[in-house]
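Residues per chain are reported as follows:
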Amino acid sequence: QQLSSLESATLTCASVVPGHDGDMTVTCNGGVLVPDVSQCTPQGCTASTPAVEAVVGGASLEVTAPKDLQHNEVFMAEYCANVSSGYAGEIKVTCFLGALVVDGASCTALPCQDELRDISIGGFSMTVRLAGDNLGSVSPAPSGFQATGTCS
């Protein structure tokens, strides 16, 4: 749409500024378009907002808004351990401009605890203590730690 000088047009905010509700006015002033976005407000989320997938340690959970949410409102969707054992924390989700956004850093892998294992090698049975401090790390060993030991 072309505007003459001092002519105005009304547009939806979402058509110009995604994630916003309301209407805005654009006025042509001396060949320059001047927008008035004072009536544009950030969109919230509702139960009909599309679900988002939260992934924890390879397992996933579909998350929907539990109630109407304001823009930037945060809610706790689930405990990480209930989605994937071996993880701690809470799955936090934010309503951002009408969409749900999962906080990918809110779940952390638990460290590996020391443990005793009974093993048999070549007809000999023994109990071995698997501990991070015996394998070049700390106890408990951080998640993802890998090491190879030698038998002597």
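Okay, so let's go over this structure.

About the cut-offs
Residues numbered from 1 in each chain as written. Predicted model: local features only at pLDDT ≥ 70, side-chain atom pairs only at ≥ 80, totals over all residues. Heavy atoms only, no water. Helix = DSSP H or I, 4+ residues; strand = E, 2+ residues; numbered from the N terminus. Buried < 20%, exposed > 50% of the residue type's maximum accessible area, 1.4 Å probe, protein only. Pairing = 2+ DSSP bridges. Contact = heavy atoms within 4.5 Å. Core = buried A, V, L, I, M, F, W, Y, C linked by side-chain atoms within 4.5 Å. Disulfide = S-S within 2.5 Å.

1. So, unusual backbone geometry
1) Next: The phi dihedral of L6 falls on the positive side, at around 70°, and the residue is not glycine.
2) Next: Along the chain, the position of L6 falls in the segment before β1 (8-12).
3) Next: When its relative accessible area of 64% is taken as the criterion, L6 is described as exposed.
4) Next: Positive phi, normally seen in glycine, also occurs at N72, with a value near 75°.
5) Next: Positionally, N72 belongs in the loop between β7 (59-63) and β8 (74-79).

2. Side note on the pairing of strand β10 (residues 99-102)
1) Next: With four bridges connecting them, strand β9 (residues 87-96) and β10 associate as antiparallel partners. Paired with F96 across the two strands is A99, which belongs to β10.
2) Next: Joining the antiparallel neighbours β9 and β10 is a turn of two residues, in which L97 adopts a positive phi near 50°.

3. Let's talk about the environment of C45
1) Next: Within the fold, C45 resides in the loop between β5 (41-42) and β6 (52-56).
2) Next: What makes C45 buried here is its relative accessible area of 1%.
3) Next: As a C-alpha pair, C45 and L100 span 55 residues in sequence and 7.4 Å in three-dimensional space.
4) Next: For C45, the residues in contact, after removing those within four places along its chain, are K67, D68, L69, C95, F96, G98, A99 and L100.

4. Comments concerning the nonpolar core
Within soluble globular proteins, side chains that are nonpolar tend to cluster in buried spots.
1) Next: Among the nonpolar cores identified, the biggest contains 15 residues, and V56, V63, L69, F75, I91, V93 and L100 are the most heavily contacted of them.
2) Next: Going through the elements one at a time, β6, α2 (80-83) and β9 are the ones with two or more residues in this core.
3) Next: Once residues within four sequence positions are removed from consideration, V56 is found in contact with C80, V83, S84, Y87, I91 and C107.
4) Next: A9, C13, M24 and C28 belong to the second-largest nonpolar core, a separate cluster that totals seven residues.

5. Describing the state of the cysteines
1) Next: Counting across every chain of the model gives three disulfides.
2) Next: Paired by a disulfide, C45 and C95 hold their sulfur atoms 2.2 Å apart. Between C45 and C95 the disulfide shows an S-S torsion of about 95°. By sign, it is right-handed. Here C45 is found in the loop between β5 and β6, whereas its partner C95 is found in strand β9, with 50 residues between them in sequence. Across the pair, C95 and C45 agree in class, each one buried.
3) Next: Sulfur-sulfur distance for the disulfide between C80 and C107 comes to 1.9 Å. Judged by the torsion about the S-S bond (-80°), the C80/C107 disulfide is left-handed. On the criterion of sequence distance, the pair formed by C80 in helix α2 and C107 in strand β11 (residues 107-109) is long-range, its members being 27 residues apart.
4) Next: For C80, a relative accessible area of 0% puts it in the buried group.

6. Overview of the environment of T127
1) Next: Secondary-structure assignment places T127 in strand β13 (residues 124-130).
2) Next: Among residues more than four places away in sequence, those in contact with T127 are L116, R117 and D118.

7. Observations concerning the environment of C40
1) Next: By the secondary structure assignment, C40 is in the loop between β4 (32-36) and β5.
2) Next: Take C40: its relative accessible area is 15%, and that puts it in the buried class.
3) Next: With 21 residues separating them in the primary sequence, C40 and G19 have C-alpha atoms 9.6 Å apart.
4) Next: Excluding residues within four positions of it along the chain, C40 makes contact with C13, H20, D21, D23 and M24.

Keep in mind that these numbers describe shape and distance, not what the molecule does.
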